[in-house]
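Notes for the structure review
Each chain is listed here by its residues.
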Amino acid sequence: MEMSSDRKTKLNYVGKFARSLANLVCPSECSMCQSPTLPQRRLCGKCTRQLVSQVYRCQRCAMPLPTVLPNQDCAACRKSDWRFSRVIALGTYQGKLRQAVIMCKKQLHESLRYAVTQHMADRVMQQIPEIVQQNPLIVPVPNYWLRSLFKTKAAAISLGELLSRHTGWPLATGMIRRIRRTQKQGMLSITERRENVRGAFLNIRHYSLTGRHVLIVDDVLTSGATVNELARQLRRSRPADISAVVIARATGRGQV
């Protein structure tokens, strides 16, 4: 039975009143600094500008570059045998964005993760406008199963789930498995990082990815060793393309 126009109008008024009352009792606030924001906004304008950078950077690896250099790729890219095509990041792992990455690892900051992944989705669409036609698939970097028993959900999986919610693109959390425990990458050299993750992942579902654009999701990318090893496994399923999507691009040893 179709609802009458008068009833629809009354329900609209009730809905507006309820939202106004909610904003009065629990005013909208920024997920980073807790300052008041516009309704439905999870970040204030100042924090948004600090988290989402427009710094001139390499189009392939997202490393910040001097504006006098071409940004199609950089010296670091040309020396890397990467199995993925590009890195999409909100900015550099420092300052406010570094703080946001650390907060996003904690379960109580769900609102911040939601806001960050919305900006990640926007940046993917800006840098790869044709991706909607490429049947995208989201693959978060997996944790080792033993670590999952004693820790809360991995940050990469939480980010992947929210990115999937924003975009509607499917999430594949069980396609790749981390089959052995690895050291933390933070204080290892680039060579040590590569050795640390070599053979750490296994593609356990060998279904075809032909024609699909795979988005590997993580919180931070430094040397690219972890994402590259994951991409190496995914290449066996013949995807059309692979991109890394992260909150932040770190620039050197000791940052993560």
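Preceding block: the structure.
Along each chain, residues carry numbers from 1 onward, in the same order as the chain's sequence is written. Since the coordinates come from a predicted model, pLDDT governs what is reported: local features require at least 70, and pairs of side-chain atoms require 80 or more to be given and counted, while whole-chain, interface and lining totals use all residues. Side-chain numbers come from the whole structure's heavy atoms, not from hydrogens or water.

**Looking at the overall build of the chain**
- A run of H or I in DSSP becomes a helix once it reaches four residues, and a run of E becomes a strand once it reaches two; helices and strands are each numbered from the N terminus. Across its full length, the chain carries 9 helices and 6 strands.
- Taking all 256 residues of the chain together, 45% fall into the buried category.
- It only takes one pair of heavy atoms within 4.5 Å for two residues to be counted as in contact. Partitioning the contacts of the chain with sequence separation of at least 6, the portion at a separation of at least 24 is 72%.
- The Shrake-Rupley method, run with a 1.4 Å probe, gives the accessible areas here. Residue values count only the displayed protein chains as cover. Approximately 14200 Å² of the chain is accessible, and the part contributed by carbon and sulfur atoms is 52%. A simple rule labels every residue: compare its accessible area, found with a 1.4 Å probe on the protein chains alone, to the largest value its type can have, and call it buried under 20%, exposed over 50%, or partly exposed in between.

**Digging into helix H4 (residues 95-104)**
- Taken as a whole, H4 has its buried residues at Leu 97, Ala 100, Val 101, Met 103 and Cys 104. All buried residues of H4 lie within an arc of 165 degrees about the axis, which places them on one face of the element.
- Tucked into the core, H4 has its buried residues touching helix H2 (45-51), strand E1 (86-92), helix H5 (110-127), strand E5 (213-221) and strand E6 (241-249). This arc is taken over the directions from the axis of the helix to the C-beta atoms.

**So, the sheet that holds E1**
- DSSP calls a pair of strands paired once it identifies at least 2 bridges connecting them. Strand order across the open sheet formed by 4 strands is E1-E6-E5-E2, with parallel pairing between neighbours. Sheet topology places E1 and strand E2 (137-140) at the edges, where each strand pairs with a single neighbour. When strand polarity is set aside, the average angle formed by the axes of neighbouring strands in this sheet is 25 degrees.
- In the sheet, E5 pairs with E6 via 8 bridges, with the strands oriented parallel. When the bridges of E6 are listed, Ile 216 appears paired with Ala 244.
- The axes are straight lines fitted to the C-alpha atoms, using for helices just the contacting stretch, and the angles between their N-to-C directions are given from 0 to 180°. Across the sheet, helix H7 (residues 155-167) lies against E2, E5 and E6, angled at about 130 degrees from E5, the strand it touches most.
- Set on the sheet, helix H9 (residues 225-234) makes contact with E2, E5 and E6; between it and E5 the angle comes to about 165 degrees.

**Regarding the packing of aromatic side chains**
- Ring geometry is summarised as follows: Phe, Tyr and Trp rings, the Trp one being its six-membered ring, pair when their centres sit within 6.5 Å, and such pairs are stacked at plane angles under 30 degrees, edge-to-face over 60 and tilted between the two. Across all of its chains, the model carries 1 aromatic pair by this definition.
- Measuring from centroid to centroid gives 4.6 Å for Trp 82 and Phe 84, while their planes differ by 20 degrees, and the two rings are stacked.
- Over the ring of Tyr 114 we find Arg 42; its NZ or CZ atom is 4.0 Å from the centre of that ring. Two limits define a charge over a ring: the Lys NZ or Arg CZ must be within 6 Å of the ring centre, and within 35 degrees of the ring normal.

**Comments concerning the packing of H4 against H5**
- It is at 9 Å that the axes of H4 and H5 come closest, and there the two elements cross at 125 degrees. With respect to their mutual orientation, H4 and H5 come out oblique. In the crossing of H4 with H5, the sense of the turn from one axis to the other is left-handed. On H5, the residues touching Ala 100, Met 103 and Cys 104 of H4 are Leu 112, Arg 113 and Val 116.
- Gly is put with the polar residues, along with every residue not named as nonpolar or charged; the nonpolar set is Ala, Val, Leu, Ile, Met, Phe, Trp, Tyr, Cys and Pro, and the charged set is Asp, Glu, Lys and Arg. The residue inventory of the contact of H4 with H5, partitioned by class, reads 5 nonpolar, no polar and 1 charged. Angles below 35 degrees are treated as roughly parallel, those above 145 as roughly antiparallel, those between 65 and 115 as roughly perpendicular, and all remaining angles as oblique. In this scheme, a crossing is called left-handed if the near helix is turned counterclockwise away from the far one by less than a right angle; it is called right-handed if the turn is clockwise.

**A closer look at the pattern of salt bridges**
- Between Lys or Arg on one side and Asp or Glu on the other, a salt bridge is scored when a side-chain nitrogen of the former is within 4 Å of a carboxyl oxygen of the latter. In this structure the tally under the stated criterion is 4 salt bridges.
- Note that Lys 105 and Asp 219 form a salt bridge whose closest N and O atoms lie 2.4 Å from each other. You can see Lys 105 sitting in the loop between H4 and H5 and its partner Asp 219 sitting in strand E5, a full 114 residues away along the chain.

**Describing the environment of Cys 58**
- Within the secondary structure, Cys 58 is located in the loop between H2 and helix H3 (75-78).
- Under the relative-accessibility criterion, Cys 58 is labelled buried at 2%.
- The sequence separation of Cys 58 and Pro 70 amounts to 12 residues, and the corresponding C-alpha distance is 8.0 Å.
- Beyond its immediate stretch of four places on either side in the chain, Cys 58 contacts Met 63, Leu 65, Asn 71, Gln 72, Asp 73, Cys 74 and Cys 77.

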